[in-house]
Number of protein chains: 2
Amino acid sequence: MTSPQFLSDTARVDEAAIQALPGSRKIYVEGSRADIRVPFREISLSPTRTSGENEENPPLLVYDTSGPYTDPEVKVDLRKGLTELRRRWIDARDDTEFLDGPTSEYGQRRANDPMLAQLRFELTRTPRRGKKGRNVTQLHYARQGIVTPEMEFIAIRENQRRQALGSDEVERILAQQHPGEGIGAHLPNEITAAFVREEVAAGRAIIPCNINHPETEPMIIGRNFLVKINGNLGNSAVSSSIEDEVDKMTWGIRWGADTIMDLSTGANIHETREWIIRNAPVPIGTVPIYQALEKVGGVAENLTWEIFRDTLIEQAEQGVDYFTIHAGVLLRYVPLTAERVTGIVSRGGSIMAKWCLYHHEESFLYTHFEDICEICKRYDVAFSLGDGLRPGSVADANDAAQFAELETLGELTKIAWKHDVQVMIEGPGHVPMQLIKENMDKQLECCDEAPFYTLGPLVTDIAPGYDHITSGIGAAMIGWYGCAMLCYVTPKEHLGLPNKDDVKTGIITYKIAAHAADLAKGHPAAQRRDNALSKARFEFRWEDQFNLGLDPDTARAYHDETLPKDSAKVAHFCSMCGPKFCSMKISHEVRDHVFKDRLPQGGDGAKDPRETEKARHNGMREQAEKFRAQGSNLYREV
Amino acid sequence: MTSPQFLSDTARVDEAAIQALPGSRKIYVEGSRADIRVPFREISLSPTRTSGENEENPPLLVYDTSGPYTDPEVKVDLRKGLTELRRRWIDARDDTEFLDGPTSEYGQRRANDPMLAQLRFELTRTPRRGKKGRNVTQLHYARQGIVTPEMEFIAIRENQRRQALGSDEVERILAQQHPGEGIGAHLPNEITAAFVREEVAAGRAIIPCNINHPETEPMIIGRNFLVKINGNLGNSAVSSSIEDEVDKMTWGIRWGADTIMDLSTGANIHETREWIIRNAPVPIGTVPIYQALEKVGGVAENLTWEIFRDTLIEQAEQGVDYFTIHAGVLLRYVPLTAERVTGIVSRGGSIMAKWCLYHHEESFLYTHFEDICEICKRYDVAFSLGDGLRPGSVADANDAAQFAELETLGELTKIAWKHDVQVMIEGPGHVPMQLIKENMDKQLECCDEAPFYTLGPLVTDIAPGYDHITSGIGAAMIGWYGCAMLCYVTPKEHLGLPNKDDVKTGIITYKIAAHAADLAKGHPAAQRRDNALSKARFEFRWEDQFNLGLDPDTARAYHDETLPKDSAKVAHFCSMCGPKFCSMKISHEVRDHVFKDRLPQGGDGAKDPRETEKARHNGMREQAEKFRAQGSNLYREV
């Protein structure tokens, strides 16, 4: 735990978050104007050594969520926050204005509390808001046919430089990967800014980018783009400090978190959030009801629309990019949960259920939904419509309560769209495998393809301590079926607050799930990384194999455990099989021979193994002698 | 590393493998005769504490692979091996005879080598073999309509005491779980010995139980039974000792390995295997070609049928329960791998490919396949037909080489069945999600529903260090689609030899995958454990939650990290949310109210949320007042 005065004096970036990833460098691809600079990580590869000359392996470009932290040219000072990447784009639209200061009552109170001086992030600018009558959402622009710099940035980012390759090269890449099974997804070979705009305009994708979070590098969430992942962090009344949470954020984006949710429910929620947002190059989501509940001393029934409204404005003016709003928990749905095995497991859902029952009214989230839209459109805060009645056990999956709420979320989606407010939908929860697709299909149907954003789902309840895995299975599947963003689950789920190791494990697990989904959908660039890594593996380029992986550090450490010597990094075997049993080594001994002297071919035309009997009498001895004469090397020697 | 003389003097059971699992005790369910005693682990649960009286929670019975190690009544001495559980059953069939000693040349040589005295397991009995002309396989018995004690044992084991519950209770259990989607599996509500016999007779299931491994507790592998998992171990030329491997075996079965494969390729393969088999209550599989290759100094082309045959007999007489035989690698298939990204990655496959090319002949595994059947039927060794051409990268998945070999495995299956030899089929490998089902469907078609036994599949190549997860995703899916046994993958896959921690992580990951598949198929007892754990979770019975999980130790340790106090184990909240934000706690506050005063119901008939508007004017205030009068406790207080 950090003492309160620590931060504004001495807060500094976690050293672990800024080390260059091995073999990697930060590069930027410029767009149509100099201030559109899209970051990537370029992994350089060593050449393939053959007995003759070396063959170069081109470097691999990967999507990079780590922001300026991994740019050696940039020195981030947490106390100053990140550069306002989007400031000029927002300025240029000329539809926003700077306020004199926070307009929320709570925001003002915190800004003026002298006790918080040492804890407070020193923000030197005032919040921005859409001018009176103006709608500043990306959805609003998209529907007017405007391609924003954010959209162009995203097109370049998603495209991973395919546009520069030429159509022949793109064809070649596509020929080297399996056709996907899109199940309704439509992934174009080239992502253009126009396509981004169309998808946003259709409501099939969202760009979470509050005008008060100009530090973000724009990203998109939609089924026709790369599958994204979210990492949660946040303190609780029991544990954690602001500094720990900022460290978890920089650590999470290093390993691939596309967005971060700050779910703090403990002390100094407002200040914690400010530190995180000012230093986050990724969109930040929150569940505003958590803070509202804190404001009424934790007594759910004392919540009011006025307190909640003030909280929304407070957070919107800090720069929160998406709000989880549990507006689908209707009074009459609550009894549907009474005979569940695990009742209501969403924190927001249970708070609202209690409020509804206590007052015997529909919640203010529902009755004031249009008022919330009015707030969101002036800051461009996206909705993440919360699944307050999501199942907390496989027994409760796909039940009447869950699906009733989903239908209400569908209605609310249309209301949000009426206001040109961006919206995605949250989903389960715990769902056994055979019921996952029903969730996805029902969401697409109820919510007209608004992006789905799911927690897991966990496919079984019986493995506390391993719920990153129980949920990673479900996440990969629902990502394939059409889910746009996967909310990570750490090994501590159900047991405790995640530490940095847990955050990393959760992120890597979900990067696996998201990438597996991209492969299954047939994303046109997805398999390049698999192919590059497998080629490196087959050619015993150990360093390249580590560096192309999602977690080079762990891969290297595992390899070093049994074969720590540097010479082992170029060895043509590993500790699993040793030199004599290495299938890859033997495989190489085959290749040259096969390429030189085609053997009788197998395949469709030759299903009867006895056919080779004939071939045996036909030059067999000669073939064998050639093979021996070559030194019995079967593949090309590497 | 252990010095060679260590074992026979002082070998002792790993203490970690014999501790009772928390809250658990070993019980036995007796069959039709006193010597059929089927082991289970019974997890006792604490009562549900309500404000009124306590409600008992019945103990949960779980399948138990850990053998006598976890029976406090049994003291295992590794130097003596386990009790011969099946000896009398084998004797009673009167179709086998004891030999004077090993009949393999190599077995004799090792038995007589004085240098090995300190390393050798002191086996006091001689090997057994089917009498001349007798076929001693479970398949042979099954086809003659004989229900063996092994089959009855398995029926009780698979049934998990459902037969004792009565049909009403079974109906009740089924009503508490989701219908499965069997995709061709047919899981009866009660597993009878007759059903076991039918499945074995049809070739849809196998019972690996060599007559020389009477220490096994019988188990079955087939799509209409619980999905099983295999754990691999074994030394290599680079690393590990006999003692380490025995420890990995007892550790692996503690966490749920249904079978163990000894893949040793290093020193003293014969002696290592003997120690493992004599102390293993689960079937042991091997890849005999590994040892055969050692015998010819690692030079693949020097392998001969005579050396291989002697190895098969050597291992069959030690008690190996199933042999991986890569007999489907045909000469003409090898060129199909030449342009692959990762060539041939199966060790056995690459060895045979090299042999075939060198000699330009079909391998002796293929040409002598019927001779191998003759050996297997006299010891009841099951085939695990190896997938020597399985893909080693997603790029190579489902290619011509892989599927050509699978068709040959289908032919070999029919030959094995002609000899009444039990057979299962090995499968991939690396396969992206959208191509997994094609693998399963093609295997069922080519091999007439012989059980499929797959490695993963890994759904992406990009996560070395996390391949238990990349493969756990694919394993869960293929288990659902019909795969009978899942071969585990540890975090060290592709990088190094697994240590004990890796073994445990691999096993738990695969228990998750197998159980998720059981749930998805609708196995009639699968969801009981999920329901019991979720109920415990909802009622804040922390100890029960830990104990019902696959790994109580890890769950408890994670919980203790943030809330180490014993009092936290009965706390109605945890460190994740703290007391105020605990959704489960709030949920409990709802239940009583809902049960007492039914609110306007949702569901199909009431889709328009505006309908509640009417209800608001109808006694709403009255309802709210009742709720407040109850103390605003919404669910039953626990």
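Everything numeric here is computed off the predicted structure, so don't read it as measured data.

Examining the packing of helix H17 (residues 436–446) of chain B against helix H18 (residues 467–481) of chain B
Residues and elements named next belong to chain B. Relative orientation of the contacting elements H17 and H18 amounts to 40°, with a least axis distance of 10 Å. The angle between H17 and H18 falls in the class oblique. The two elements H17 and H18 cross, and the hand of that crossing is right-handed. Side by side, H17 and H18 meet where Ile 436, Lys 437, Asn 439 and Met 440 of the first sit next to Gly 474, Met 477, Ile 478 and Tyr 481 of the second.

Quick look at the state of the cysteines
This structure, assessed with the given rule, holds 0 disulfides over all chains. Not part of a disulfide, Cys487(A) finds its nearest cysteine sulfur in Cys483(A), a span of 10 Å. Unpaired in terms of disulfides, Cys373(B) finds its nearest cysteine sulfur in Cys376(B), a separation of 6.5 Å.

Some details on the pairing of strand S16 (residues 452–455) of chain A
The two faces of a sheet get side chains in turn, since along a regular strand they alternate between them. Residues and elements named next belong to chain A. Side chains Phe 452 and Thr 454 project from S16 onto one buried face, and the interleaved Tyr 453 and Leu 455 project onto a second face that is buried too. As paired elements, strand S15 (residues 423–427) and S16 share 3 bridges and run parallel to each other. Bridge pairing in S16 links Gly 427 to Thr 454. For the segment spanning S15, helix H17 (residues 436–446) and S16, crossover handedness is right-handed. Here 3 bridges tie S16 to strand S17 (residues 485–487), and the two strands are oriented parallel to one another. Residue Tyr 453 lies in a different strand from S17, and its bridge partner there is Met 485. Considered for its hand, the β-α-β crossover made up of S16, helix H18 (residues 467–481) and S17 is right-handed.

Remarks on the UniProt feature "binding site: [4Fe-4S] cluster" (unreviewed entry) in chain A
The UniProt entry lists Cys574(A), Cys577(A) and Cys582(A) under the feature "binding site: [4Fe-4S] cluster" (unreviewed entry), expressed in the numbering used here. Along the chain, the position of Cys582(A) falls in the loop between helix H22 (552–562) and helix H23 (583–596).

Thoughts on the sheet that holds S15(A)
The parallel closed barrel is built from 8 strands, whose spatial order is S10-S11-S12-S13-S14-S15-S16-S17 (chain A). Across this sheet, the average inter-strand angle for adjacent strands is 25°, counted without regard to direction.

Comments concerning the pairing of strand S1 (residues 24–30) of chain B
Sheet topology places S1(B) next to strand S2 (residues 37–43) of chain B; 7 bridges connect them, and they run antiparallel. Bridging across to S2(B), Glu30(B) finds its partner in Arg37(B).

Some words on the confidence of the model for chain A
Residue and element names in this part refer to chain A. Mean pLDDT for chain A: 90, with 88% of residues reaching 70 or above. In the model, residues 1–5 has pLDDT below 50 throughout and makes 7 contacts with residues more than four positions away in sequence or in other chains. The model gives residues 596–619 a pLDDT under 50, and that stretch makes 41 contacts with residues more than four places away or in other chains. Across the interface, the model reports ipTM at 0.93; the global pTM reads 0.93.

A few points about the packing of aromatic side chains
Per the counting criterion, the structure on display carries 22 aromatic pairs over all chains. Ring centres of Trp480(B) and Tyr481(B) lie 5.5 Å apart, and the angle between their planes is 35°; on these two criteria the pair is classed as tilted. Of the two residues, Trp480(B) and Tyr481(B), neither departs from the other in class, the shared state being buried. Taking NZ or CZ as reference, Lys492(A) lies 5.2 Å from the ring centre of Tyr558(B), over its face.

Quick notes on the nonpolar core
Residues Phe383(A) and Phe383(B) are the most contacted members of the largest nonpolar core, which totals 307 residues. Excluding anything up to four places from it in sequence, Phe383(A) contacts Phe323(A), Ile325(A), Phe369(A), Ile372(A), Cys373(A), Cys376(A), Ala416(A), Val421(A), Gln422(A), Val423(A) and Met424(A).

Rules used in this analysis
- Residues numbered from 1 in each chain as written.
- Chains lettered and ligands numbered in written order.
- Predicted model: local features only at pLDDT ≥ 70, side-chain atom pairs only at ≥ 80, totals over all residues.
- Heavy atoms only, no water.
- Axes fitted to C-alpha atoms, helices over the stretch in contact; angles between N-to-C directions.
- Helix = DSSP H or I, 4+ residues; strand = E, 2+ residues; numbered from the N terminus.
- Parallel < 35°, antiparallel > 145°, perpendicular 65-115°, else oblique.
- Left-handed = near helix turned anticlockwise from the far one by under 90°.
- Contact = heavy atoms within 4.5 Å.
- Disulfide = S-S within 2.5 Å.
- Buried < 20%, exposed > 50% of the residue type's maximum accessible area, 1.4 Å probe, protein only.
- Pairing = 2+ DSSP bridges.
- Right-handed = clockwise from strand over helix to strand, strands pointing away.
- UniProt positions renumbered as here; feature names shortened; annotations may be inferred.
- pLDDT = per-residue confidence, 0-100.
- Phe/Tyr/Trp six-rings, centres within 6.5 Å; stacked < 30°, edge-to-face > 60°.
- Lys NZ or Arg CZ within 6 Å of the ring centre and 35° of its normal.
- Core = buried A, V, L, I, M, F, W, Y, C linked by side-chain atoms within 4.5 Å.

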